Amino acid sequence: MAARTHKLVGRVVTKGWKLYDQRLAWVLVAPVLLLLTLLLLLPIAMMTVYTFFTFVTAGVESAVLTFDNWKEFLTDSYYHGFLWKTVRVGAITAVICAILGYFPAYFIWATTFKHKWLLLLLLIVPFWISFTIRTFSWIHILGEQGLINVVLIRLGVINEPLPMLYTEGAVIMGLLHFLLPYMILNVYVSLESIDRTLIAAARSMGCTSAQAFREVTLPLSMPGLGAGLLLCFVLAAGSYVTPQLLGGSRDALFGNLIYDTIMGQLNWPMGATLSIVLFVLLGAAAAGYSRYMGLSQIMKGLSA
Amino acid sequence: MRAEHPDREGRWAWRLTGVITVCVYVFMFAPILATVVLSFNASMFGGFPLTGFSLRWYEKLLTNEPVLDAFRTSMWIALVTAAVTTLLGIMAALALVRFEFRGKQAINTLVILPALVPETILGVGLLVMIKAIDQPRSMTLLVLGHILLTLPYVVLIVQARMVGIKRSYEEAALSLGAPRVSTFREITLPLLVPAVLASVLLAFTISFDNTSASLFWRPAGVETMPTQILSMLKISISPEVNALGTVMILLTVGIPLAGGLILQSLSWFKASK
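Residues numbered from 1 in each chain as written. Chains lettered and ligands numbered in written order. Predicted model: local features only at pLDDT ≥ 70, side-chain atom pairs only at ≥ 80, totals over all residues.

**Q** Sorry if this is basic, but what is going on with the overall build of chain A here?
**A** Each helix and strand in chain A was counted, giving 16 helices and two strands. For chain A, whose C-alpha radius of gyration is 25 Å, the value lies well above the compact-globule estimate of 19 Å for 304 residues. Judged by the C-alpha coordinates and their principal axes, chain A covers about 75 × 60 × 35 Å. Burial statistics for chain A: of 304 residues in total, 45% are counted as buried. For chain A, contacts bridging at least 24 residues in sequence account for 71% of all contacts bridging at least 6. (Helix = DSSP H or I, 4+ residues; strand = E, 2+ residues; numbered from the N terminus. Rg over C-alpha atoms; globule rule 2.2 N^0.38 Å. Buried ≥ 20, exposed ≤ 12 C-beta atoms within 10 Å, placed from the backbone. Contact = placed C-beta atoms within 7 Å.)

**Q** Just checking my understanding: could you explain the interface of chain A and chain B for this structure?
**A** One frequently used descriptor of interface size is the decrease in accessible area upon assembly of the parts. Across the contact, 83 residues belong to chain A and 86 residues belong to chain B. Partitioning the side of chain A that touches chain B into residue classes produces 62 nonpolar, 18 polar and three charged. (Nonpolar A, V, L, I, M, F, W, Y, C, P; charged D, E, K, R; others polar.)

**Q** Teacher, can you tell me more about the environment of Val154 of chain B here?
**A** Structurally, the position occupied by Val154 of chain B is in helix H6 (residues 139-163). For Val154 of chain B, a count of 30 C-beta atoms within 10 Å translates into the label buried.

**Q** Hey, could you run me through the nonpolar core in this one?
**A** When a protein is soluble and globular, its nonpolar side chains tend to lie buried together. Grouped together as the largest cluster of nonpolar side chains are 148 residues, with contacts concentrated most on Leu179, Cys232 and Ala236 of chain A together with Ala92 and Val124 of chain B. Looking at this core element by element, the count peaks at 17 residues for helix H9 (residues 168-192) of chain A. Those residues in contact with Cys232 of chain A that sit more than four places away from it in its chain are Thr93, Ala94, Cys97, Leu179, Tyr182 and Met183 of chain A. (Core = buried A, V, L, I, M, F, W, Y, C linked by C-beta atoms within 7 Å.)

**Q** Help me understand unusual backbone geometry in this model?
**A** Glycine aside, negative phi is the norm for most residues, and most peptide bonds take the trans geometry. Not every positive phi belongs to a glycine, and Leu266 of chain A is a case in point at roughly 55°. Topologically, Leu266 of chain A is positioned in the loop between helix H14 (254-264) and helix H15 (268-292). The backbone of Asp134 of chain B sits at a positive phi, close to 60°, despite the residue not being glycine. Within the secondary structure, Asp134 of chain B sits in the loop between helix H5 (119-132) and H6.

**Q** Teacher, can you tell me more about the pairing of strand S1 (residues 54-57) of chain A here?
**A** On a regular strand, each side chain points to the face opposite its neighbour's, so the side chains alternate between the two faces of the sheet. Residues and elements named next belong to chain A. By the bridge criterion, three bridges tie S1 to strand S2 (residues 60-62) in an arrangement that is antiparallel. Within the sheet, the bridge partner assigned to Thr54 lies in S2 and is Ser62. A loop of two residues connects S1 with S2, the two strands running antiparallel in sequence, and Gly59 in this loop sits at a positive phi of about 85°. (Pairing = 2+ DSSP bridges.)

In C-alpha cells, the structure reads:
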C-alpha cells in the first residue's frame, strides 16, 4: 500500500525530480555544509598548518615551516603542567558530577511526586541564566565578603575570613555548578528508557532493593552516565571563564593559556599548537567514548 | 514509582537520595539567589552583610551608557543569529530526516561538532582564518561565529520534531498537486511550529550568553553583554553588577517561561475550540 502511494506521488510531482531526490537534499543541506566547512573544518586545517609556522615577534609570523612550536610544547614542563592540571580538574569535576548528579536523576525518575515536571524545569532554568552571572555569583558564597565567611565570623567560629575563593576548589565548584544539569539530564534520559517491569521482576525474584539497583538499574543507566562523564570532562577541560573568575593565577587551565598566548603574547603559531593539542586531547576522549557507546547518546543528552 | 515493597535498606537509600537531591537543588540556586538579594542591598560594596534595601543600583544601571550599549549589541547579534540559524537548521534537518543520500551520516556528525569542540578552539580557529585572508575582526565574523555555535542545537531540536511528523501528510498534499513550497508552508511548517519557537529561543539565549568565543571574535572596542560583565568584574564585584545580573536573569528566565505559558494556553485554547 505504502509503495503504491509512493509511486502515485512520484508520478504527480516528478517533472524531472524524484519525490525524495538526492539533489534536493543537497540543495537543502548546502548552506549548512558551506558554513561548517568555512567556519569549522577549514579553520582547524589552517590551525594545523599554523603550528608549523615560525614565530617572529608579537603578532608577526613567517610561513617558514618548522617543528619549533611542537618541540617547545613537548619539552617545556611549563606546558606539561597546564596539560596535567587541565586533565586532572576535568576528571575530578566529571567524577564528582557523576556522583552528585546520579541521586537527583534517580530521584526525579523514581519519585511519585505529581509535579515532576517542575523538578525537570528547575534543571533547565540554569541553562537560561547567563553563564557569566552564574559563575560570578559564587564570589558571593565563597569570597571574603561571601555568605560562608560572613556567617562564620558573625557566629565567632573564625576570626579571619577563610581563603576559599581563587583556589582550585573554587574553580571545581564553579564547574560543578555549570555541569551538574548536563549530568542529571543525561542520566535521567537513560533511566527513563529502562523498562520498569525489569526492576519489579528482579524484586519479585528475591533481590533486595540494593541488589536490584546494582544488578539492573545501574547497568542499564550506564549509557547516560557515560555520556554525562564525557560531556562534563570535555566542557570542564575546555573552560575559560570559570578559572578566570574563580581561580587564582595558578589555577589557570589550558583554555586560559591559549587565550593569553594568542590575545596577550600574540604568539599565533604557539597558540595554534596549544589549540590543536587541546583539540586532539578532547577528541581522543570523545573517540574513545564513542567506540564503546556511540555518539547517539550524546545527541540525546544535548537535545534533552 | 519505587519498588513495591521497599526493604529497610531501600527506605534508607531512598531517604538519602531525597536529601542529596534537595542539597543539589540548593547548591544550584543558592549563589544565584545571593546575587539577586545583594542587588537590592544598600551597601557600597557588592558582598554581604546586608545593610538595607535600596533600588539605587538599578537607577545607576539605567544611566550606564557602556552597559546599555553592550545590551543593544548583544540583542542585535542574538536576533540575527536566531533568525539565520533557525532557517538554516530547518533546511538541514529537513534534508537529514526526510532524504537518503550519501555522506548523510558524516554530515550528521559534523553538524554536532561545534557543540563538542571547546569554544577556545573555535575562537582561535576563526581568528587564524581571517588572519590568513588579512581581514580585521568584524561584526559579521562575530555573528557567523554565533551561528556556528548555535547550529547543533537547532538542528537537533528540529530533527527530533521532524521525525515525529508523518511523511504521509506531505505526500498526500504533493499527490494532490500542491507544489513543494506550498506543501512545506501549509503542512510541514505549521506542524514544526513548536520546534521552530524552541529553536529561536535557544539560539537567542545561547548567542546572548556566549562569553569565551566572543572574547576572541568581537571587533576592537565592541562589548557584548557577557564580556561587559567580565570587564566590570575585573575591578571588583560592585552592587551594580549584581543589579545587572538580576535584570538579565529576569529577562532570560522570564521570556522563555512566558513563551512556554503562552504556547500552552494557546494549545489549550485550540483544544477547547
